[in-house]
Structure formats: structure tokens, C-alpha cells
Amino acid sequence: MNEPVDVLIIGGGASGAAVAWSLADTRMRILCLEQGGWPNSAQYPSTGRDWESRQVEDYAISPNRRASAADYPINDNNSPIKIANFNGVGGGTVLYAGHFPRMHPSDFRVRTLDGVADDWPIDYATLEPFYAANDRMMGVASLAGDPAYPAKDSVMPPLPLGSTGELMGKAMNELGWHWWPSDSAITSRDYEGRAPCINLGHCGHGCAQGAKASTDITYWQEALRNRVELRTGCRVSRIETNDDRMATGAWYFDRDGQEVFQPAEIVVMACNGIGTPRILLNSASERFPDGLANSSGQVGCNLMFHPYALVRGRFDKPLDGYRGSRVFMWSMEFYETDPARGYKRGYCYQFTRGFGPVMTSVSGMADGLIPWGEGHHDAFRKLFDHQAGMVSICEDLPEEINRVTLDPVLKDGNGIAAPKITYRVGENTQKMLDHSVARGTEILLKAGASDIVTRSPLSYAGWHLLGTAKMGKDPKTSVVNEWGRAHDVKNLFIVDGSVFVTSGGVNPTSTIQAIALYVADQIKARLHDLFD
Amino acid sequence: MTFSIETPMTEPQPISPSDQLTLAEVDCLRCIAGHMIPASARHGVPGADDPGIIADMVRSLDRDRAELQRVLRMIDEFAGGRLSALAPAEQRDLLARHRKDGAATLAVIEAVVSRAYYRDDRVLKSIGMEPRPPFPAGYPVEQIDLTLLDPVRQRGSIVREA
């Protein structure tokens, strides 16, 4: 058995890193167990000639395709949206695009405002200082003054919008619709030892420049200096409890495949909206027969993804193409509920540049825009560096039937039951997707596009894993309380996207980390009676 | 047919059955690649059936090997034994029919061929790309005149009261 620690954090990604950094103030002995290893930026795809190939090989977004030693399989056959993640120090932030919008104030009041789902037990004002602290820690490039948000400070200037942003901005102005440079977790200037973005265009597969804020190069560097221990290659299988219904630590498999027990006074789950319910369900025992912290029956339920729709068109003049960050501009025009649209809630647009040559060829053939044979070369040259568009990020409402369970057959390399996803796109979300495709097409036509292609929902876009251990005041209907502590286990906390009550219509990492910092702050403020 | 020959990214290497595919499968893949992306004298580029590109393709199948083998065998069966044994016009017609009936099954071949073809030096230069990794040089992208946002600013706040 290992030496006991005060705080055991499970997962070294976006939220685990943030909570580790914040709790380091307390001088408690803090240990994080991470199933993957440290990323090596010198080996990221953009460092080699085979960069586009490796984006679908060892840096593929699907853990089932990547299938590295750090990955666990996920049965997502029963979902039109396939899971994307990364297992290693930094977690999903290693592969995310760095699009960093906050949720909007209305997102926390959806029952009150729109009669759907539930209100959150916390509000935007509660999270605002943690959003701001997180922006500074991650190094967010933005332009102050976005009329779609309450006032917020800018840490550094926004990333360049390029010819694509100019084209789209003009079209949006003609339509009279909102647009703004995106808040991006990518440095636009030297910042805290990180070099500025050089427009590699590789944000989604590891940033060799170190400009994109993955937590291996942000929070973890600070946390390690503050004596937090991060143990890699350690896959947690289950949480152990005692007769007092308290967590006593976690069992994990080390690099040699040996199962080891790690005792702890406090356990913090930071494994994302699939990994966390997987471990909780796998921790079923005589004391907790339906899984740990699951007296409500809500663990694993209410899985929300943010279904994406894609709209892309061809333009006569050359644009930025594969150059530049994947995130640079958003629109919140259709974010809030408008009864005339026939659905509740809304979505944001994240504008996109073009592809590299391989993806131009592959998608062009798939879309019927590039033929086989003699016509291939001319058609390719018409598309390459001439495409742009957007994706819509649609708010997914919670539904109990969309869930994570344990697969009865599939197991990972350590014999731990794999997660099984059951998900379907809800009627409200489908209407929202359809609306976003129609408006997106309108934008591209206004900008002068032809050969417009659409995909809805995007299949390989299950990035945002939310809602499977929801936050709430009522133990009968939620898994954790309003400050992240499990209702059933008073020394168990959850800080990842599992606790989202609703999804909002924006990329969630900024909010996930703000919640992690908020929960850490609550733990620090309540240390004297934390388990009461 | 002639086109400008420059040094390929990788010198062609002999292909053997131990290189992930059987000789028959390589034969079928080469045949399909040539029909998918033929050489172009006008653009000064080789076809995807160029020996150097095929060698690179076969060496780097990685996670697609099993699916690719399944599809190649299916196409050979569809051709009555060996696609490459048919006359070029028959090959083209057969592949066109197959694409029409089951385009999705050919997606893996399109991906494998594109990944090798569009990293060949000759091809990259012809489409205006420097044959180099993105890092460490990066690329220029210009900031625009942000007064383009003035109409958005003038519209005022759109934050919903909550």
C-alpha cells in the first residue's frame, strides 16, 4: 500500500490540473493519478512532413482509433456522435482547438427563463472571478468589449483574423448579425514563458510551439513547483469506501499492471463526463450497490455532447487555408431563445479556415467536389486554399436516456469494464442543428461562396462530455451539491464536465476549469468542517 | 507522357509482401491509385501510382491496413480475380460502378492515397506549398482592421437578462 495523501486527484487534464494548482495553497499532500504520460511537444505532428497523416493516426481524436496504451476503449456504436478525447497529462486540452468562450449568464437559468431542464445551483456571477483567474492562468487572447457578454478583461490581444475573418466579418455586417474575435486559449504574444502563436494550424493535434494552453504547460508547471505530485501511467479502477460511507482512496493499475491501493483523505474526480461515471459505476459495492454516489440513479445519465453542424463553402479568391489557428472568430447571434425559431435555447458559430492538402482531397472526394481521374487536379486546385465556413455548437438538453453505462463485454487493457454510450440527438437539438445549417448557408452565400457542403450532426465531434454527475441541491435528483461534493460521500468531489446541469451552447473547457477552481476554493474555505 | 521530375520525398524502395500488403494487394492499390489521381503533364505532377508514392503509401498504412486489405480483396473479387488484369477502360468502368454503388467502402482508399500523394515534394510544390513541416517556421496570417467590428459595437449589448 502506498503512503496516504491528503488529496487524491484522479485525472490530470483540464480540471485536474486546475484543482491541483489551486489546492496547492493549502500545503496539503496532493497526489494526482493520470493514466497517460507526459506529452512530448517535439514529437507533435506539426514537427514532421507526415503531419496530416498523424492527425488520424497516433494523434487521432478517437480513442478507439488511436488505441494507445493510455487509452481505454469506448463502445459508442449506439451513438451517432463518436467520442473524442485524449488521455495523458493535459487531457483533452492537448488536442482541443483552444476555443475558449465562457457560458452566458442565461445558461445558468434555463428553467426560469425557458422552462427547460433545470437551473444551475450557481450562477455566472459566482463563476466570474474563476473565469477571470483561469483566463490568466491559461493565457487567453481576446478582444474586450464583446456585446454578447458581460464586461470582461482581455489578457492579451486577439489572434489574427486573416483573410477568412475579414471575408466573414463583412458578410456578418451585411446581415446585421453579431460576430467577434474568439476568446482563444492561444498566446498572441510572449506570455509566462510561452512563445506566441506562429499559425501552425495544428491546434487540434498538439501545439509544438507551446502557444496553445494545454494544462501540461500551464497549470501543471505551477502545481509541480508547489510540490503537487503527478504520477503518470496509473489507471484508476475504483474508489474504495469504509463503513462510515467515506472514500478511503482508490485502486489503480500501475505501469507494470499491478493493482495498487492509494489511501487518501479526500478524493477528487477529474476524469471527464465519461471517465468519471465509469469509475463511479465500477466502484459499486455492498454499501453502494448501484455505483458510488449514485443514490439518485443519476450517475451516467443526462450525457450531453454539443452536437455540431458544419457548413463550408468555396470562394473564388484564395483565403488562409491551412495556415492559422483553428479558432479566430465566433458569432453569438443565435445563442438565446427566440420562440419564432421553434426550439428552445441556441448555439454559437465557430468560424473555420480551410484544410491542408490531404484533408482537402479526402473531404473533396467525399463531398463529390473532387472527381477521380483527369478532373482531379483542376477540381483540387479550385478548392485548396479557397474554402472556409463554420461549425455550430448546439446546446444539448439533458435527457436521462442519453447515458454512460458499463459495457458488459468490452474491457480495457487492465480488464476494467469499458464505458458504453447510449445517445440520440433530441428533437429540440435537431431543430437547432437544422436552423444553424440554414443560417450558416445564408452567411456563406452572402460572403460569395459556392459549392456549399453541410454535415449535421458531425459524427466525429463528441468532444464535450457533460452532465453525467450533475450538480444540484436535491440529493434525489443530483449527484454533487452546489460546491461539487458528492451528496452520498462527504469526502468525494467531482470537478469535471460531469457536473454540468445543462450544456450551454459553447465549448465548455473555460467553464469546466472555472468550476474546478470554484470547487477548490470551496474546499479551502470549508476545510474546518468539510465533511459535515 | 512527361512531367517535371524532381527528387521525391522518399526514394522508391522495393515492395515485398512483408511490407504490410501482399503483392496482389499492392497491385490492386496501385491500379486504383492511378485511376483516382492520374499523372498530369499540364500540372507537372506524377500520378498517385508513381513508384515513390506507392512505396510511401504501403509503408504508412498504420491503422487502416486491415480495412484497406478487406476492400482491395473485395475489388479484386469484383473484377473476377485481379483488377490489374483487366484492360484500363474496363478497370475504370468497374471502379466507377463500384463508386456509384458503394462509395463509402472506397473512403479508406481515398484516404490512404491522399495521405501519401499530398505529401510528395513534387505535388506540394505544384500546389504552391513549401515541402516542409509546419513547425518551426510557421505561417504568416495577418490581423485585420478591427474597425470592421464597429457595426457590432454600435448595435450594443445583446446579453440576455438572467
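Everything discussed here concerns the structure shown above.
Just so we're clear, the structure is a prediction, and the values are computed from it rather than from any experiment. (Residues numbered from 1 in each chain as written. Chains lettered and ligands numbered in written order. Predicted model: local features only at pLDDT ≥ 70, side-chain atom pairs only at ≥ 80, totals over all residues. Heavy atoms only, no water.)

Colleague: What's the story with the overall build of chain B in this structure? I'm lost.
Modeller: For chain B, the count of helices and strands is seven helices and zero strands. The buried share among the 162 residues of chain B stands at 45%. Considering only contacts in chain B between residues 6 or more positions apart, those separated by 24 or more positions represent 71%. When the accessible area of chain B is evaluated, it comes to approximately 7900 Å², of which 53% is carbon and sulfur surface. (Helix = DSSP H or I, 4+ residues; strand = E, 2+ residues; numbered from the N terminus. Buried < 20%, exposed > 50% of the residue type's maximum accessible area, 1.4 Å probe, protein only. Contact = heavy atoms within 4.5 Å. Areas by Shrake-Rupley, 256 points an atom, 1.4 Å probe, with all protein chains shown as cover.)

Colleague: Would you take a moment to explain the overall build of chain A for this structure?
Modeller: Per the secondary structure count, chain A includes 12 helices and 16 strands. Scaling as 2.2 N^0.38, a compact globule of 532 residues should have a C-alpha radius of gyration of about 24 Å, and chain A matches this with 22 Å. Each of the 532 residues in chain A was classed as buried or not, and the buried ones make up 67%. Expressed as a percentage of contacts within chain A between residues at least 6 apart in sequence, the contacts between residues at least 24 apart total 73%. Element-wise, carbon and sulfur atoms account for 48% of the exposed surface of chain A, whose accessible area totals about 17000 Å². Across chain A, the mean location of the 51 positive side-chain charges is 2 Å away from that of the 62 negative side-chain charges. (Rg over C-alpha atoms; globule rule 2.2 N^0.38 Å. Lys, Arg positive; Asp, Glu negative; His and termini not counted. Charge placed at Lys NZ, Arg CZ, Asp CG, Glu CD.)

Colleague: I'm lost on the layout of surface pockets in this one. Help?
Modeller: Remark: the empty space left among the atoms is shown by a probe the size of a water molecule rolled over them. Residue and element names in this part refer to chain A. Its boundaries defined by the atoms lining it, the second largest pocket holds a volume of some 530 Å³. For the second largest pocket, the lining is made up of 29 residues, of which Gly 36, Gly 37, Ser 68, Ala 69 and Ala 70 are closest to its centre. Grouping the constituent residues of the lining of the second largest pocket by class yields nine nonpolar, 11 polar and nine charged. (1 Å grid on protein atoms, 1.4 Å probe; cavity = no way out; pocket = protein on both sides within 12 Å on 5 of 7 lines; lining within 4 Å. Points joined across faces, edges and corners; volume = space filled by probe spheres on them. Nonpolar A, V, L, I, M, F, W, Y, C, P; charged D, E, K, R; others polar.)

Colleague: Before we go on, may I ask you to explain the packing of aromatic side chains in this structure?
Modeller: Two descriptors summarise a pair of aromatic rings, namely the distance from one centre to the other and the angle between the planes of the rings. On inspection of all chains with the given rule, the structure shows 22 aromatic pairs over all chains. Plain terms: the ring middles of Tyr 149 of chain A and Trp 330 of chain A are 5.9 Å apart, the flat faces sit at 50° to each other, and that makes the pair tilted. Taken together, the residues span a long stretch of sequence, with Tyr 149 of chain A in the loop between helix H5 (124-138) and helix H6 (162-175) and Trp 330 of chain A in strand S10 (residues 329-331) at a distance of 181 residues. The burial state of Tyr 149 of chain A is the same as that of Trp 330 of chain A; both residues are buried. Clustering of aromatic rings is evident, with ring pairs tying together Trp 51, Tyr 322, Phe 380 and Phe 384 of chain A together with Tyr 117, Tyr 118 and Tyr 139 of chain B. Across from the ring centre of Tyr 72 of chain A, 4.5 Å away, lies the NZ or CZ of Arg 278 of chain A, which sits over that ring. (Phe/Tyr/Trp six-rings, centres within 6.5 Å; stacked < 30°, edge-to-face > 60°. Lys NZ or Arg CZ within 6 Å of the ring centre and 35° of its normal.)

Colleague: Hey, could you run me through the packing of helix H1 (residues 14-23) of chain A against helix H12 (residues 509-525) of chain A in this one?
Modeller: The axes of two packed helices give the description: the angle between them and the distance between them. Residues and elements named next belong to chain A. At a closest axis distance of 8 Å, the pairing of H1 and H12 adopts a crossing angle of 30°. As judged from the angle between their axes, H1 and H12 are roughly parallel. Two packed elements cross with a definite hand, and for H1 against H12 that hand is right-handed. In contact with Ala 14, Ser 15, Ala 18, Val 19, Trp 21, Ser 22 and Leu 23 of H1, H12 contributes Thr 509, Ile 512, Gln 513, Ala 516, Leu 517, Ala 520, Asp 521, Ile 523 and Lys 524. Classifying every residue of the contact of H1 with H12 gives 10 nonpolar, four polar and two charged. (Axes fitted to C-alpha atoms, helices over the stretch in contact; angles between N-to-C directions. Parallel < 35°, antiparallel > 145°, perpendicular 65-115°, else oblique. Left-handed = near helix turned anticlockwise from the far one by under 90°.)

Colleague: Before we go on, may I ask you to explain the side chain of Ser 62 of chain A in this structure?
Modeller: Residue and element names in this part refer to chain A. Inspection of the secondary structure assignment puts Ser 62 in the loop between helix H2 (51-54) and helix H3 (63-66). On the basis of relative accessible area, Ser 62 is assigned to the buried category, the value being 8%. With residues near it in sequence (within four places) discarded, Ser 62 still touches Ile 83 and Tyr 460.

Colleague: What's the story with the sheet that holds strand S4 (residues 180-181) of chain A in this structure? I'm lost.
Modeller: Two modes of strand pairing occur in sheets, parallel and antiparallel, and in both the strands are linked by backbone hydrogen bonds. Residue and element names in this part refer to chain A. Strand order in this open sheet of six strands is S4-S10-S11-S12-S9-S15, and the pairing throughout is antiparallel. Across the chains shown, the open sheet's two edge strands, defined by having one partner strand only, are S4 and strand S15 (450-455). Packed on one face of the sheet, H6 meets S10, strand S11 (347-352) and strand S12 (387-394) and runs near 20° to S10. Contacts from helix H11 (residues 427-447) reach strand S9 (308-314), S11, S12 and S15 within the one sheet, and its direction differs from that of S9 by about 15°. (Pairing = 2+ DSSP bridges.)

Colleague: Explain the interface of chain B and chain A here, please?
Modeller: Often the size quoted for an interface is simply the accessible area lost on bringing the parts together. In this assembly, 59 residues from chain B lie in contact with 70 residues from chain A. Of all residues in chain B, Arg 63, Phe 135 and Arg 160 of chain B give up the largest surface area on contact with chain A, accounting jointly for 14% of the area buried on that side. Our enumeration of links across chain B and chain A arrives at 29 residue pairs in polar contact (both at pLDDT 80 or more). For the side of chain B that touches chain A, the elements supplying multiple residues, two or more each, are helix H1 (23-36), helix H4 (88-102), helix H5 (107-117), helix H6 (121-126) and helix H7 (150-155) of chain B. Counting residues per element, the side of chain B that touches chain A draws most heavily on H5 of chain B, which supplies five residues. (Buried area = accessible area lost by both parts, 1.4 Å probe. Polar contact = N/O pair within 3.5 Å; in protein donor to acceptor, adjacent residues only side chain to side chain.)

Colleague: Can you walk me through the environment of His 487 of chain A in this structure?
Modeller: Residues and elements named next belong to chain A. Structurally, His 487 is set in the loop between S15 and strand S16 (492-494). The spatial distance from the C-alpha of His 487 to the C-alpha of Gly 472 is 9.3 Å, given a sequence separation of 15 residues. Excluding residues that lie within four positions of it along the chain, His 487 makes contacts with Gly 472, Lys 473, Asp 474, Pro 475, Ser 478, Val 479, Val 480 and Asn 481. Only 2.9 Å separates the side chain of His 487 from the side chain of Ser 478, close enough to count as a polar contact.

Colleague: What should I look at first to understand unusual backbone geometry in this one?
Modeller: Trans peptide bonds make up most of the peptide bonds, and negative phi angles are found at most residues other than glycine. Cis geometry is found at the peptide bond from Ser 456 of chain A to Pro 457 of chain A, where omega equals -10°. Relative to the helices and strands, Pro 457 of chain A is located in the loop between S15 and S16.

Colleague: Can you walk me through the environment of Arg 65 of chain A in this structure?
Modeller: Residue and element names in this part refer to chain A. Looking at the element boundaries, Arg 65 is found in helix H3. Taking relative accessible area as the criterion, Arg 65 reaches 27% and is therefore assigned partly exposed. Sequence separation between Arg 65 and Gly 342 is 277 residues; the distance between their C-alpha atoms is 38 Å.

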